[in-house]
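# Structural overview for review
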Amino acid sequence: MSAPRTAVVTGAASGIGRALATRLAAEGVRVVVNDLDASALAEVADEIGAHPVPGDAASEDGAAALVAAALAELGGIDVWFGNAGVDAGQGLDAPDEAWALAQEVNVMAHVRAARLLVPHWLERGAGRYVVTASAAGLLTMLGSPVYSVTKHGAVAFAEWLSATYRHRGVVVQAICPQGVRTAMLDRSGPLQELLSHDTALAPEEVADRAWAALGHEEFLVLPHPEVGGYYAARATDTDRWLSGMNRLQQRLDEHQTGAQA
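Every value quoted in this text rests on a predicted model; they were computed, and no experiment measured them.

Counting its regular elements, the protein chain contains 10 helices and seven strands. By the compact-globule yardstick of 18 Å for 261 residues, the protein chain fits well, its C-alpha radius of gyration being 18 Å. For the protein chain, buried positions account for 48% of its 261 residues. A separation of at least 24 residues holds for 66% of the contacts in the protein chain among residues at least 6 apart in sequence. Carbon and sulfur atoms make up 52% of the accessible area of the protein chain, which amounts to about 12,300 Å² in all. Seen as two clouds, the 18 positive and the 31 negative side-chain charges of the protein chain have centres 7 Å apart.

And the structure:
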């Protein structure tokens, strides 16, 4: 399978997105990068020779503007990395505003981009949509129902997209890492140890796995291979898996109680 010649990466100003864009550019791919942080995005673009299009890729207008700008710059989009994401709220008391924001960024951004991209890909008979989901989208993330539910939604939409269009040349993949050494992990508090249980990866390591995944069409891209085993266990013995997750929650409760004492 030939390597892509053009790509778009959202959430590219830092973390996994920056690493993805950097790796793509290093491999000779022409890259359009997007992020809300215009100044940081400009630095990344200058550093790697990408074309910056700052803005909100989650909104309907923002997605349309980004796709239009990318098509004008690149002529065509071989692969779209829907990487932007948010962890907007913690616990059952997370406000409705947090749920709404996460739904927009973690789910609807993919829907809106796909609406614009898929017609082009069907016409040319080829295209690839890569979702940066999370192991939380296959399993769950204790303490963060907002992130867990919306990342499940991201995976579910990617599954639907693949099931619907794969026979017409549209490849869909979901990158589902556990702990990655980004600002989001740094903010995770007592969850940081749990998320790093199978080793927290550098963003560049995730980008390496993503680049390798462009050489095949397998749906799940698992930078932490252990996630595949957890996912299988969840499906085959759900109650046992939930009991194990609850034991981890009890450990977190004890940690938080001890920290407050």
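Having seen it, we continue.
Right, let's talk about the pairing of strand S2 (residues 30–34) for a bit. Taken residue by residue, a regular strand's side chains alternate between the two faces of the sheet. With four of five residues buried, S2 lies mostly within the body of the structure. Note that strand S1 (residues 6–10) and S2 share five bridges and pair parallel. Bridge pairing links Ala7 to Val31 in S2. Handedness of the crossover joining S1 and S2 through helix H1 (residues 15–26): right-handed. Relative to strand S3 (residues 51–52), S2 runs parallel, the two sharing two bridges. Across the sheet, the residue bridging to Val32 is His51, located in S3. Each parallel crossover has a hand, and for S2 linked through helix H2 (residues 38–48) to S3 it is right-handed.

Another point: the packing of aromatic side chains. Enumeration according to the criterion identifies two aromatic pairs in this entry. Geometrically, the ring pair formed by Phe157 and Trp160 is stacked, given 6.1 Å between the ring centres and 20 degrees between the ring planes. Of this pair, Phe157 and Trp160 both sit in helix H5 (residues 145–165), three residues apart, which is roughly one turn of the helix. Judged by relative accessible area, which is 17%, Phe157 ranks as buried. Here Trp160 and Tyr165 contribute two aromatic rings whose centre-to-centre distance is 6.1 Å and whose plane-to-plane angle is 85 degrees, an arrangement assigned as edge-to-face.

Under the counting rule described, the total for this entry stands at one cavity of 30 Å³ or more. Approximately 30 Å³ is the volume found for the largest cavity. If you go around the largest cavity, the residues you meet are Leu20, Arg23, Leu24, Phe81, Ala207, Ala210, Trp211 and Leu214. Of all elements in the fold, only H1 and helix H8 (203–213) reach the threshold of two or more residues within the lining of the largest cavity. Taken together, the residues that form the lining of the largest cavity break down as seven nonpolar, no polar and one charged.

Backbone hydrogen bonds are what pair the strands of a sheet, in a parallel or an antiparallel way. Pairing is parallel in the open sheet, where seven strands are placed in the order S3-S2-S1-S4-S5-S6-S7. The sheet terminates laterally at S3 and strand S7 (220–221), the two strands that pair on one side only. Contacts from helix H4 (residues 96–124) reach strand S4 (79–82), strand S5 (127–132) and strand S6 (170–175) within the one sheet, and its direction differs from that of S5 by about 165 degrees.

Calculation criteria
Residues numbered from 1 in each chain as written. Predicted model: local features only at pLDDT ≥ 70, side-chain atom pairs only at ≥ 80, totals over all residues. Heavy atoms only, no water. Helix = DSSP H or I, 4+ residues; strand = E, 2+ residues; numbered from the N terminus. Rg over C-alpha atoms; globule rule 2.2 N^0.38 Å. Buried < 20%, exposed > 50% of the residue type's maximum accessible area, 1.4 Å probe, protein only. Contact = heavy atoms within 4.5 Å. Areas by Shrake-Rupley, 256 points an atom, 1.4 Å probe, with all protein chains shown as cover. Lys, Arg positive; Asp, Glu negative; His and termini not counted. Charge placed at Lys NZ, Arg CZ, Asp CG, Glu CD. Pairing = 2+ DSSP bridges. Right-handed = clockwise from strand over helix to strand, strands pointing away. Phe/Tyr/Trp six-rings, centres within 6.5 Å; stacked < 30°, edge-to-face > 60°. 1 Å grid on protein atoms, 1.4 Å probe; cavity = no way out; pocket = protein on both sides within 12 Å on 5 of 7 lines; lining within 4 Å. Points joined across faces, edges and corners; volume = space filled by probe spheres on them. Nonpolar A, V, L, I, M, F, W, Y, C, P; charged D, E, K, R; others polar. Axes fitted to C-alpha atoms, helices over the stretch in contact; angles between N-to-C directions.

Any functional reading would require information beyond the geometric quantities listed.
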